[in-house]
Amino acid sequence: QVQLVESGGGLVQAGGSLRLSCVASGRIRSIMVMGWYRQAPGKERELVATITNGGNTNYADSVKGRFTVSRDSAKNTVLLQMNSLKPEDTAVYCCNVNGYLIGSFSLFRSWGQGTQVTVSS
């Protein structure tokens with residue numbers, strides 16, 4: 001009932017920048033937390049950054065100072081600005097959203113399909 005559409009991945013050289021975007025749609029009443037996770041080959045999925053509806057952010061230590069998460073609540077959109085990219089940032093980045101659907105008091109949690117980010121050295 002919630003669709004997430006991600007965009008913005010690609011191939012970039014080390015030191016470069018990319019911006020990821022994720023738009024949520026569906027019968028959404030409110031969104032509590034939006035964020036990004038990533039999974040590199042052979043590794044477990046890890047949190048990259050999240051932002052609450054109050055604007056509080058949380059970052060993985062490995063991306064602090066380089067990545068910035070932001071959201072446009074009116075458009076149900078979350079952005080991830082990634083600067084000073086490193087080869088170790090190479091992964092599939094997935095958008096994650098949780099909130100409430102219209103007519104429901106149960107928290108939903110949805111995942112996007114993921115977008116590949118590849119950083120060459």
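Sequence order as written defines the numbering, with residues in each chain counted from 1. The model is predicted, so local features are restricted to residues of pLDDT at least 70 and side-chain atom pairs to those at 80 or more, both for listing and for counting; the totals for chains, interfaces and linings are taken over all residues. Calculated side-chain values reflect all of the structure's heavy atoms, with hydrogen atoms and water omitted.

Chemist: Outline the packing of aromatic side chains, listing residues and values.
Modeler: Working definition: a ring pair exists when centres of Phe, Tyr or Trp rings (six-membered ring for Trp) sit within 6.5 Å. Plane angles under 30 degrees give stacked, over 60 give edge-to-face, the rest tilted. All told, the structure shown has 1 aromatic pair when counted by the stated rule. Only when the NZ atom of a Lys or the CZ atom of an Arg is both within 6 Å of the ring centre and within 35 degrees of the ring normal do we say a charge sits over the ring. The positively charged end of R45 is found above the aromatic ring belonging to W111, 3.8 Å away from the centroid.

Chemist: Any details on the nonpolar core? Residues and values, ideally.
Modeler: Membership of the largest hydrophobic core comes to 32 residues, with the highest contact counts inside it found for W36, L80, M82 and Y93. Each helix corresponds to a stretch of at least 4 residues labelled H or I by DSSP, and each strand to a stretch of at least 2 residues labelled E; elements are numbered beginning at the N terminus. At the level of secondary structure, the elements contributing two or more residues to this core comprise β1 (2–7), β3 (18–26), β4 (28–39), β5 (46–52), β7 (67–72), β8 (77–82), β9 (91–101) and β11 (115–120). In terms of residue count, the dominant contributor to this core is β9 (5 residues). Note on contacts: a residue pair is in contact if any heavy atoms of the two residues lie within 4.5 Å. If we skip the residues at most four places from it in the chain, M82 touches G16, S17, L18, L20, R66, F67, Y93 and V117. To qualify as a nonpolar core, a set must consist of buried Ala, Val, Leu, Ile, Met, Phe, Trp, Tyr and Cys residues joined through side-chain atoms within 4.5 Å. Each residue's exposure class comes from its accessible area (1.4 Å probe, protein chains only) as a fraction of the maximum for that residue type: buried when under 20%, exposed when over 50%, partly exposed otherwise.

Chemist: Explain the environment of G114 to me, and be specific about the residues and the numbers.
Modeler: Within the secondary structure, G114 sits in the loop between β10 (107–111) and β11. What makes G114 partly exposed here is its relative accessible area of 27%. Those residues in contact with G114, other than ones at most four positions away along the chain, are E6, V92, Y93 and C94.

Chemist: An account of the sheet that holds β3 is needed here, citing residue identities and associated values.
Modeler: Within a beta sheet, neighbouring strands are joined by backbone hydrogen bonds and run either parallel or antiparallel to one another. Spatially, the 4 strands line up as an open sheet ordered β1-β3-β8-β7, and their pairing is antiparallel. Each having just a single partner strand, β1 and β7 make up the two edges of the open sheet. In this sheet, adjacent strand axes meet at a mean angle of 15 degrees when their direction is disregarded. Strands pair, by our definition, only if DSSP identifies at least two bridges between them. The pairing of β1 with β3 spans 6 bridges and is antiparallel. Residue pairing for β3: S7 is matched across the bridge by S21. For helices, the fitted line uses only the C-alpha atoms of the stretch in contact; every axis is such a line through C-alpha atoms, and the angle between N-to-C directions lies from 0 to 180 degrees.

Chemist: Before we move on, can you summarise the state of the cysteines with the specific residues and values?
Modeler: Covalent bonding between the sulfur atoms of two cysteines defines a disulfide. Here, the term disulfide refers to a pair of cysteine sulfur atoms separated by no more than 2.5 Å. A complete count under the given rule lists 1 disulfide for this structure. There is a disulfide in this structure between C22 and C95, and the S-S distance comes to 2.1 Å. As the torsion about the S-S bond is roughly -80 degrees, the C22-C95 disulfide counts as left-handed. Of the two residues, C22 sits in strand β3 while C95 sits in strand β9, which places them 73 residues apart along the sequence. When its relative accessible area of 0% is taken as the criterion, C95 is described as buried. Free of any disulfide, C94 has its nearest cysteine sulfur in C95, 8.7 Å distant.

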